[in-house]
Structure formats: structure tokens, C-alpha cells
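Spelled out from the first residue to the last, the chains are:
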Amino acid sequence: MWYHKPAINEELLQSLPNLKVVASSGVGIDHLDLKLLSSYGVKVSNTPFIVSTDTADMGMALLLASSRRLVEGYEMAVSPDTEYFPADWLGVEVSGATLGIVGMGTIGYKVAERAKAFEMKILYHNRNQRKKEEESAVGAVYCKKIDDLLQQSDFVLLAVNLTPQTHKLIGKRELELMKPTATLINISRGLIVDQDALVEALQNKVIKAAALDVTYPEPLPRDHPLLKLKNVIITPHIGSATKKTRWVMMEEMAESIEAGLAGLPVPREVL
């Protein structure tokens, strides 16, 4: 499966009685009905580890681009109407700022490693607290309650899987807990955020800005209000989109398929 296609439903499964394995690209499995697949004896694999480095890089790229207003700056620099660069056109500091990471799995932890190099203060919220030595390595402080993280962070970065528990995890209440100077960064799934609430928060300056590699749907309708806001950066879900990573993803998927067809243990099987 690539870009969640083809859709795996009961009709397809009934038409493929010899199906042994579904190899899905990337880490997310929210598009798959694992119980249904298991009932047909079909194994599932994904590629969770190879995407983590590039996706963490993307998270930091969005943070930096938003904080320093790179897209707006580019538009100003190349506009035929620009006659001078205003001296009061300013971004916000990254070094010394507080980054709150929601979801401290492989990707979230790699973001923390990068943020430490930018001398950021790091908070994180996760289902389980990391080991003390892992926290110390990146200088991260655990927030048992997400509210504490939201209230203290200058940048809030989302790196969680989409599950029924995380669906619209960030809504009107959560956005209002954030600082009015804060930026929301989403590199996970669009449905982690209540998009209507986000539009309202950005329009009314409840938060300063958003930088999104994911939305719902993808792409957004061309008249969507998010596309009209100056304080938003949107990229086309390219967290893992580098040549090397995509090549290795395909190799891993092929490896899983070959193992499944041979009746061997499936590498990176999703249980």
C-alpha cells in the first residue's frame, strides 16, 4: 500500500482469497482495520523506523521556517512590488525557547535531539514516561498532563499516532490553553487537530501561528480558510519524502511481502 491505496475492505479481501500479507508504507496504520485483516488470516507490516529521521528533520524545518517567517520573507524578497525591506519585520527566537513535544516515540525523541542542539528547553507528554537517562540525554522534562505542556510551551509539536484516543486531541480548549505567542506544529496526522478550531484560533490570534505537514483532507479544498492565512505554513505531507528513505521503505515492504509469501516471520509485523 502506498498513500493508503488500495483501500483494504471486506469486498477486496473476499476477492483475494490467497492474500497473505499487506505491506503498508510509513508508520501510520490508522487506515487499516487490523481486526478485519486478522480475521482473514492476513498479516500486516509497516515501515516505522526508517521514516523517523526524515520526519524529525521536517518537524525542525517547519519550526524554523515558521519562527523566522521564511515563506513570508521569500514572498517579500521576490515580489515585484517590494521597494525596501522593513526594519520592523521580525520573527521569534528559537534558541532558549520552550518546545513541547506531544508524543515521545522514535520521531518525537529525534526531534528532541535536534531541539537540544538549538538550545531549546524541552517538555514532553507521552503515555509513558521515558527512562531517566533518555530524558537526561536531551534535557527533556516529562509532563504527565498535556495541559501543563500546552501552557508552558512556545512551540507545540505533535508526533503521535492517530487512534480513537488522539482523534482531535488538540481542539478549542487545548488551543486556548496555549500561549498567544505560541506556534503549533503537526507532523503526525491531520485528524489529531480539530481543524475548524485551529482556523478560529489563528484568525482570532488565540495562538500566533501553525506549521502543518498534514491536514484533512489532503490536499485541502482550494478555498479552505487555512490556505488564506499568513500565519500558516502548509507542506504536502512530505515528512519522509527523501530519495534514500523512500527507496529503503520500498525495500522493507518487499522484504515483508517475500517473508509473508514464504510463510516466514514477517519483519516489522503490526500485531
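This is a predicted model, so every value here is computed, not measured.

A. Layout of the UniProt feature "domain: D-isomer specific 2-hydroxyacid dehydrogenase catalytic" (unreviewed entry) in the protein. Per the UniProt annotation, the sites labelled "domain: D-isomer specific 2-hydroxyacid dehydrogenase catalytic" (unreviewed entry) are residues 2–270. Across residues 2–270, the secondary structure splits into 36% helix and 13% strand, with the terminal C-alpha atoms separated by 16 Å.

B. Highlighting the packing of helix α3 (residues 52–67) against helix α5 (residues 106–117). At a minimum axis distance of 8 Å, the contact between α3 and α5 shows a crossing angle of 50 degrees. Taken together, the axis directions place α3 and α5 in an arrangement best described as oblique. The chirality of how α3 crosses α5 is right-handed. When α3 is examined against α5, the residues Ser-52, Thr-53, Thr-55, Ala-56, Asp-57 and Met-60 are found in contact with a partner set consisting of Thr-106, Ile-107, Lys-110, Val-111, Arg-114 and Ala-115. Across the contact of α3 with α5, the residue classes break down as five nonpolar, four polar and three charged.

C. Quick look at the UniProt feature "domain: D-isomer specific 2-hydroxyacid dehydrogenase NAD-binding" (unreviewed entry) in the protein. The sites that UniProt annotates as "domain: D-isomer specific 2-hydroxyacid dehydrogenase NAD-binding" (unreviewed entry) are residues 60–239. Taken as a whole, residues 60–239 contains 32% helix and 16% strand, while its terminal C-alpha atoms sit 11 Å from one another.

D. Inspection of the sheet that holds strand β9 (residues 232–234) at higher detail. The seven strands lie next to each other as β5-β4-β3-β6-β7-β8-β9, forming an open sheet whose pairing is parallel. In the strand order of this sheet, the two ends are held by β5 (140–142) and β9, each with one partner. Between one strand axis and the next, the sheet turns through 15 degrees on average, direction left out of account. With three bridges joining them, strand β4 (residues 121–125) and β5 adopt parallel strand pairing. By the bridge assignment for β5, Ile-122 is matched with Ala-140.

Conventions we followed
Residues numbered from 1 in each chain as written. Predicted model: local features only at pLDDT ≥ 70, side-chain atom pairs only at ≥ 80, totals over all residues. Heavy atoms only, no water. UniProt positions renumbered as here; feature names shortened; annotations may be inferred. Helix = DSSP H or I, 4+ residues; strand = E, 2+ residues; numbered from the N terminus. Axes fitted to C-alpha atoms, helices over the stretch in contact; angles between N-to-C directions. Parallel < 35°, antiparallel > 145°, perpendicular 65-115°, else oblique. Left-handed = near helix turned anticlockwise from the far one by under 90°. Contact = heavy atoms within 4.5 Å. Nonpolar A, V, L, I, M, F, W, Y, C, P; charged D, E, K, R; others polar. Pairing = 2+ DSSP bridges.

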